[in-house]
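# A look at the structure
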Amino acid sequence: MYLSARNLQRRQIRVTVKYNRKELQRRMEVEKWIDCGLEELYKGREEDMPEEVNIDELLDLRTDEERTQRLQDLFHSCNKESKVFVCELLLKLHGLQKHEDLHNDGIDLPQLHIYSTRPGSADREVLH
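What this report covers is the structure whose coordinates are included nearby.

Below, the discussion takes up the overall build of the protein. Summing up its helical and strand segments, the protein has six helices and three strands in all. Listed by position from the N terminus, the elements making up the protein come as α-β-α-α-α-α-α-β-β. Burial analysis of the protein (128 residues in total) assigns 26% to the buried set. The long-range fraction of contacts in the protein, counting pairs at least 24 apart against all pairs at least 6 apart in sequence, stands at 60%.

Take a look at the structure:
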């Protein structure tokens with residue numbers, strides 16, 4: 001039975017991603033923690049919830065005082081006390097890397113590469 005060249009190519013696709021798994025996992029956990037915290041703070045008033053808390057924007061600020069002010073501005077419509085949430089978030093931000101820093105440390109955006117035929121192997125597409 002003969003496989004078409006297209007089917008053969010699909011079967012030989014390899015996906016490779018380089019990243020700092022530990023840092024990426026930590027950032028994802030902080031993002032999930034923020035989402036859960038916002039749901040609790042804005043329970044019953046979801047329409048007043050900020051669309052996002054931009055971690056990179058907060059990391060760009062120089063001091064915790066600036067971050068606190070930015071977060072207070074975001075949560076101005078919150079009826080519940082957000083001080084504890086803000087303090088805990090500031091602690092979680094310490095040592096966290098910006099998204100672009102994660103990328104520069106090894107997280108490559110997927111790019112399709114086609115390698116030519118080499119002795120002993122068929123053409124293949126590789127995402128990396």
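It is worth spelling out the pattern of salt bridges at this point. With the rule as written, the count across this model stands at seven salt bridges. Salt-bridge contacts for R27 lead to E31; the nearest nitrogen and oxygen are separated by 3.2 Å. Here the residue R27 and the residue E31 both occupy positions in helix 2 (residues 21-41), the gap between them amounting to four residues, near one helical turn. Since its relative accessible area comes to 34%, E31 is described here as partly exposed. A single network of salt bridges, built from pairs that share partners, joins R27, E31 and D56.

As a further point, take the nonpolar core. Counting 19 residues, the largest nonpolar core has I34, V53, L71, F75, L89 and L93 as its most contacted members. Of all the secondary structure elements, the ones that give two or more residues to this core are helix 2, helix 3 (55-60), helix 4 (64-74) and helix 5 (83-93). Here this core gets five residues from one element, more than from any other, and that element is helix 5. Not counting residues within four places of it along the chain, the set of residues in contact with L71 comprises V53, L58, V86, L89 and L90.

Taken as a whole, helix 4 has its buried residues at R67, L71 and L74. Along helix 4, the residues classed as buried sweep out an arc of 55° about the axis, all on the same side. Buried-residue contacts for helix 4 involve helix 3 and helix 5.

Moving on, we come to the packing of aromatic side chains. Under the definition given, this model contains two aromatic pairs. Taken together, a centroid distance of 4.9 Å and an interplanar angle of 5° make the contact between W33 and F85 stacked. With W33 in helix 2 and F85 in helix 5, this residue pair connects regions lying 52 residues apart in the sequence. Taking the relative accessible area as the measure of exposure, W33 reaches 22% and is therefore partly exposed. When its relative accessible area of 7% is taken as the criterion, F85 is described as buried. Centre to centre, the rings of F75 and F85 are 5.5 Å apart; their planes meet at 70°, and the pair counts as edge-to-face.

Let us now look at helix 2. Taking 1.5 Å per residue, 21 residues should reach 30 Å; helix 2 reaches 30 Å between its end C-alpha atoms and fits that length. Residues E23, R27, V30, I34, G37, L38 and L41 constitute the buried set of helix 2. With its buried residues spanning 100° around the axis, helix 2 presents them on a single face. Relative to its buried face, helix 2 has exposed residues pointing more than 90 degrees away, namely R21, K22, K32 and E39.

What counts, and where the lines are drawn
Residues numbered from 1 in each chain as written. Predicted model: local features only at pLDDT ≥ 70, side-chain atom pairs only at ≥ 80, totals over all residues. Heavy atoms only, no water. Helix = DSSP H or I, 4+ residues; strand = E, 2+ residues; numbered from the N terminus. Buried < 20%, exposed > 50% of the residue type's maximum accessible area, 1.4 Å probe, protein only. Contact = heavy atoms within 4.5 Å. Salt bridge = Lys/Arg side-chain N within 4 Å of Asp/Glu carboxyl O. Core = buried A, V, L, I, M, F, W, Y, C linked by side-chain atoms within 4.5 Å. Arc of directions from axis to C-beta. Phe/Tyr/Trp six-rings, centres within 6.5 Å; stacked < 30°, edge-to-face > 60°. Expected span 1.5 Å × (residues − 1).

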